[in-house]
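Structural overview for review
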Amino acid sequence: GAVSDPSSVPGLAEHAVDISAKGFAAPVEAFFEGLGAGRKTVHVAVAKAPYKCPPLPFEVAFLVDAMARRRGVRDRVDIVVTYPVPWPFGGPEAKRAFAAAMDEKGIAYRPNTKLVSVAADGARKTTTLASTAEGAEGPADGVTSDLLLAVYPHRAPDLVAPDLLNAKGSVPVDFRTSRVAKGGVADVFCVGDACAAVLPSVGSPIPKAGEFAYKAGVAVGELLAAELGGAEAPLPTARSAQCVAESGDGSGIVVGPNFDAVFRDPDHGKPAFVIEPASATGKVAWIQKFLDTFAPGKAPTFAPAA
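Values in this document were obtained by computation on a predicted structure and should not be read as measured data.

Rules used throughout
Residues numbered from 1 in each chain as written. Predicted model: local features only at pLDDT ≥ 70, side-chain atom pairs only at ≥ 80, totals over all residues. Heavy atoms only, no water. Phe/Tyr/Trp six-rings, centres within 6.5 Å; stacked < 30°, edge-to-face > 60°. Core = buried A, V, L, I, M, F, W, Y, C linked by side-chain atoms within 4.5 Å. Buried < 20%, exposed > 50% of the residue type's maximum accessible area, 1.4 Å probe, protein only. Helix = DSSP H or I, 4+ residues; strand = E, 2+ residues; numbered from the N terminus. Contact = heavy atoms within 4.5 Å. Axes fitted to C-alpha atoms, helices over the stretch in contact; angles between N-to-C directions. Parallel < 35°, antiparallel > 145°, perpendicular 65-115°, else oblique. Left-handed = near helix turned anticlockwise from the far one by under 90°. Nonpolar A, V, L, I, M, F, W, Y, C, P; charged D, E, K, R; others polar. Salt bridge = Lys/Arg side-chain N within 4 Å of Asp/Glu carboxyl O. Pairing = 2+ DSSP bridges. Lys, Arg positive; Asp, Glu negative; His and termini not counted. Polar contact = N/O pair within 3.5 Å; in protein donor to acceptor, adjacent residues only side chain to side chain.

Quick notes on the packing of aromatic side chains
Using the criterion set out here, one finds 19 aromatic pairs in the structure. Three or more aromatic residues joined by ring pairs form one cluster here, namely Tyr 51, Phe 58, Phe 62, Tyr 83, Trp 87, Phe 89, Phe 98 and Tyr 109.

Some remarks on the nonpolar core
Counting 36 residues, the largest nonpolar core has Phe 32, Phe 58, Phe 98 and Leu 149 as the members making the most contacts within it. If you list the elements that add at least two residues to this core, you get helix 2 (25-33), strand 3 (40-46), helix 3 (56-70), strand 4 (77-82), helix 4 (91-105), strand 10 (147-151) and strand 17 (251-258). When residues in this core are grouped by element, the largest group, eight residues, is from helix 3. Leaving out residues up to four positions away in the same chain, Phe 98 has contacts with Phe 58, Phe 62, Trp 87, Phe 89, Ala 245, Ile 253 and Val 255. Val 173, Ala 194, Leu 199 and Ile 206 belong to the second largest nonpolar core, which has 19 residues in total.

Overview of unusual backbone geometry
Residue Pro 50 is bonded to the preceding Ala 49 through a cis peptide linkage, with omega at 5°. With respect to the helices and strands, Pro 50 occurs in the loop between strand 3 and helix 3. You will see that Asn 112, though not glycine, has its phi angle at about 55°, which is positive. Along the chain, Asn 112 turns up in the loop between strand 5 (108-110) and strand 6 (113-121). Its relative accessible area of 18% is what places Asn 112 among the buried residues. You will see that Asp 249, though not glycine, has its phi angle at about 55°, which is positive. Mapped onto the elements, Asp 249 comes out in the loop between strand 16 (243-248) and strand 17.

Section: the packing of helix 5 (residues 210-228) against helix 7 (residues 280-294)
One can describe the packing of helix 5 onto helix 7 by two numbers: an axis separation of 12 Å at closest approach and a directional angle of 25°. Comparing the axis directions of helix 5 and helix 7 gives the class roughly parallel. Here helix 5 and helix 7 pass one another in a crossing that is left-handed. Between helix 5, through Gly 210, Glu 211 and Tyr 214, and helix 7, the contact on the second element is made entirely by Trp 286, Lys 289, Phe 290, Thr 293 and Phe 294. Considering only residue class, the contact of helix 5 with helix 7 consists of four nonpolar, two polar and two charged.

As for the pattern of salt bridges
Per the counting criterion, the structure on display carries 13 salt bridges. Its salt-bridge partner being Glu 59, residue Lys 283 comes within 2.6 Å of it at the nearest N-O pair. With Lys 283 in helix 7 and Glu 59 in helix 3, this pair connects stretches of sequence that are 224 residues apart. On the basis of relative accessible area, Glu 59 is assigned to the buried category, the value being 7%. As a salt-bridge pair, Arg 74 and Asp 65 come within 2.6 Å of each other at their nearest N and O atoms.

Let's talk about the sheet that holds strand 5
Ordered by their spatial adjacency, five strands build an open sheet running 2-10-3-4-5, and the pairing between neighbours is parallel. The strands lining the two open edges of the sheet, one partner per strand, are strand 2 (17-18) and strand 5. Bridge analysis of strand 2 against strand 10 gives two bridges, and the strand direction is parallel. Paired with Asp 18 across the bridge in strand 10 is Ala 150. Running over the sheet, helix 2 touches strand 2, strand 3, strand 4 and strand 10 and is turned about 160° from strand 10.

Describing the pairing of strand 16
Bridge count between strand 16 and strand 17: five bridges; the pairing is antiparallel. Bridge pairing links Ala 245 to Ile 253 in strand 17. Where strand 16 folds back onto strand 17 in an antiparallel hairpin, the turn is made up of two residues, including Asp 249, whose phi is positive at roughly 55°.

Quick look at the pairing of strand 7 (residues 124-131)
Bridging between strand 6 and strand 7 involves eight bridges; their strand directions are antiparallel. For Ser 117, the partnering residue across the bridge sits in strand 7 and is Thr 128. Connecting the antiparallel pair strand 6 and strand 7 is a turn made up of two residues, with Gly 122 showing a positive phi of about 70°. Here strand 7 pairs with strand 8 (residues 138-140) via three bridges, running antiparallel. Within strand 8, the residue paired with Ala 130 across the bridge is Pro 139.

Remarks on the side chain of Lys 208
Mapped onto the secondary structure, Lys 208 falls in the loop between strand 15 (204-205) and helix 5. Although buried, Lys 208 forms no salt bridge, and the nearest oppositely charged side chain, Asp 193, lies 6.2 Å from it. For Lys 208, the side chain forms a polar contact with the main-chain oxygen of Asp 193, separated by 3.1 Å. From its side chain, Lys 208 meets the backbone oxygen of Cys 195 in a polar contact 2.8 Å long. Excluding residues within four positions of it along the chain, Lys 208 makes contact with Pro 50, Ser 170, Gly 192, Asp 193, Cys 195 and Ala 213.

Quick look at the structure:
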């Protein structure tokens, strides 16, 4: 797992809610309970990539929109999402689907916008932002908000030796074997949020959380079992997964990356993506499937809070 580390962004820890942390929904509820009169602004800001769940900030913006609509106050709540790169996941199809959903819901999206610092004047928070767009690097208009929900910068936990980390604080690994590729160590593996793996044919990172982390872990287990048994360690020839990003009021968007072609032919294979509408019940079922896998016959029933 990766950990949140706001230390590189002045004012972030003091003035922003970490949406990767347990219990972040309580400040959102408190915001609506104390909304009062006049217009208010909710700013969902991604400080840096990579982080735990690529669709997370967009899901949060959609759910804030849904909460405002249910309470009949959407016309008094502005929602802004800022992101340091043009688009983070799922290729052009995902970008179109999420951009269309944000447009439909009146959520402003500002890509190529880096979070530099946060200051506060009473209850209001003002972000200093910088443009990362090619040819337009420099200061960008900040956002003054009444609720700042942020994805903090992420890094590997302290238990990982510094010489195993890349410049972003992640552990570089081979994309198929998950074997650590830095620090001169042998037979050390890393899966999940703390690792970083690049697909050779496209030069972009492979997702590393959720179902991808599970499948990477299974592949490492098979590799170790083969080596301990004196057999040739197998190389995975397929890797795909999906998640359902909630878009509010029971609806969602399936994000399904498929890297089978890259695993079969690392130098030339190209990723494919399934992007389609879904229901939030599909996400609940997806989570329940893994609970049942990990604890057959004993898994708790997963249900989102009301």
